[in-house]
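# Survey of secondary and tertiary structure
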Amino acid sequence: MTPAPRHYQQLCLDGPFDTLAVVAQLTASGLLTDYVVYEQDEHWHIAGNPVEDIRLRAGDVRTTPWEPLRAALARTPVEDWHAYGWLSFELASGNGSGGDELLGHLIVPGVELTVSRERTRIRTLDPSLTDRLRKVIAEAPPHAEPPAPVPVDEHATDRSYHDQVAHAVAEIGRGRLDKVILSRTVPVPYTVDMTATYVRGRAANTPARSFLLDLDGLQAAGFSPETVIEVTADGSAVTQPLAGTRALHGDPTTDRALRAELFRDPKEVYEHATSVKLAVEELSTVGASDTTRVSEFLTVKPRGSVQHLASRVATQLAEGRTAWDALGAVFPPVTPPASRRPPPTG
């Protein structure tokens, strides 16, 4: 017998609120376990206390991970749910280092808050938490002021990273690759206050999206100048490749000169055009015939301390295709979804 679906109870609180102060207060309250904070259009969604916990490991991925994810979420016994979490680049190919390696972790929250300047909405499956959450929000300071950042040696790296860069350059020179995205690990010799780092970083950035999470002991924070994929209920899918970057100094004359330099730089323009071309090819595999198009090309988006060349590629999903198909088509993204990060706060 299928159990009756559970329903969220909702309460709205009127502001004004300092959004980052509320986020910091809630994540430090102890009322949220295994939480994800996700910013979208100056609204902060805070999800915790999972009622569904979905993990994908390397050994679970045979051909595609998207159908197992869709099927697992479809079994969620909650009305009007949202899912939050993370997926690793390796999930697209299943090329993890071992059968038990975690490649993705999604939750459906028992508690979900949406914080904006004007209003905060609380949705919870446990009504006993409502008053305590309201009290925590009321006690948030009028302004979020994290402690001073502690520097780290961002140039510290081992020789293997330099070797990887040299190999990538050689492969591009041979024509075997067009673009390579490399990452490296920088050691931090102290415990990082991830929430304080996120608050300080968000105050210095104007990202398209930002996130903070603590899932099963894994903590992460970041700021993205672009979105990998956006899919609406009517099947419209949009990806936003960004490639090509210059600094933003705050001086209009200097910033205009750097912007003009972006458009003249062969390397930056070629890299951007290559990213757009790939986005068109990828979305075309899931879009209805003749609907894939470049809806915006070579504009400039200011993001905090930098400015990026930006384009948008859109399609209308073909019949039978879903948002998971669209994500699978563009994942992992050709441009890395991360902008300049702040120094961590200890």
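Quick note: structure is the one above.
Residues numbered from 1 in each chain as written. Predicted model: local features only at pLDDT ≥ 70, side-chain atom pairs only at ≥ 80, totals over all residues. Heavy atoms only, no water.

On to the packing of helix 1 (residues 19–27) against helix 3 (residues 130–138), then. Two elements in contact, helix 1 and helix 3, have axes whose closest approach is 9 Å; the angle formed by their N-to-C orientations is 130 degrees. Classified by the angle between their axes, helix 1 and helix 3 sit oblique to one another. Two packed elements cross with a definite hand, and for helix 1 against helix 3 that hand is right-handed. Contacts from Val22, Gln25 and Leu26 in helix 1 reach Leu133, Val136 and Ile137 in helix 3. Residue composition of the contact of helix 1 with helix 3, grouped by class: five nonpolar, one polar and no charged. (Axes fitted to C-alpha atoms, helices over the stretch in contact; angles between N-to-C directions. Helix = DSSP H or I, 4+ residues; strand = E, 2+ residues; numbered from the N terminus. Parallel < 35°, antiparallel > 145°, perpendicular 65-115°, else oblique. Left-handed = near helix turned anticlockwise from the far one by under 90°. Contact = heavy atoms within 4.5 Å. Nonpolar A, V, L, I, M, F, W, Y, C, P; charged D, E, K, R; others polar.)

Turning to unusual backbone geometry, a few remarks are in order. The omega angle of the peptide bond from glycine 15 to proline 16 is 10 degrees, so this bond is cis rather than trans. Within the element layout of this structure, proline 16 appears in the loop between strand 1 (9–14) and helix 1. A cis amide bond links phenylalanine 331 to the next residue, proline 332, at an omega of -5 degrees. Locating proline 332 in the fold gives a position in the segment after helix 8 (323–330). Phi is positive for asparagine 49, which is not a glycine, with a value near 55 degrees. The residue asparagine 49 is located in strand 3 (residues 43–57) in this model. Residue class for asparagine 49 comes out buried when judged on its relative accessible area of 18%. Of note in this structure, aspartate 80 is not a glycine but carries a positive phi near 55 degrees. (Buried < 20%, exposed > 50% of the residue type's maximum accessible area, 1.4 Å probe, protein only.)

Another aspect to go through is the packing of aromatic side chains. The tally for this structure, following the rule as stated, stands at four aromatic pairs. Ring centres of phenylalanine 89 and phenylalanine 331 lie 6.2 Å apart, and the angle between their planes is 85 degrees; on these two criteria the pair is classed as edge-to-face. You can see phenylalanine 89 sitting in the loop between strand 4 (84–87) and strand 5 (102–115) and its partner phenylalanine 331 sitting in the segment after helix 8, a full 242 residues away along the chain. When its relative accessible area of 13% is taken as the criterion, phenylalanine 331 is described as buried. Judged by centre distance (5.6 Å) and plane angle (10 degrees), the rings of tyrosine 198 and phenylalanine 223 are stacked. On the criterion of sequence distance, the pair formed by tyrosine 198 in helix 5 (residues 194–203) and phenylalanine 223 in strand 8 (residues 218–224) is long-range, its members being 25 residues apart. Here tyrosine 198 matches phenylalanine 223 in class, with each residue buried. Linked through ring pairs, Trp66, Phe89, Trp324 and Phe331 together constitute an aromatic cluster. (Phe/Tyr/Trp six-rings, centres within 6.5 Å; stacked < 30°, edge-to-face > 60°.)

Attention now goes to the pattern of salt bridges. Across all of its chains, the model carries 21 salt bridges by this definition. In this structure, the salt-bridge partner of glutamate 296 is lysine 301, at a minimum N-O distance of 3.9 Å. Looking at glutamate 296, the relative accessible area reads 22%, which means it is partly exposed. The class of lysine 301 is partly exposed, set by a relative accessible area of 23%. In this structure, aspartate 325 and arginine 321 form a salt bridge, with 3.8 Å as the shortest nitrogen-oxygen distance. Classification of aspartate 325 by relative accessible area gives partly exposed; the value is 25%. Taken together, the salt bridges that share partners define one network made up of Arg246, Glu261, Asp265, Lys267, Glu268 and Glu271. (Salt bridge = Lys/Arg side-chain N within 4 Å of Asp/Glu carboxyl O.)

Just distances and angles here, no functional claims.
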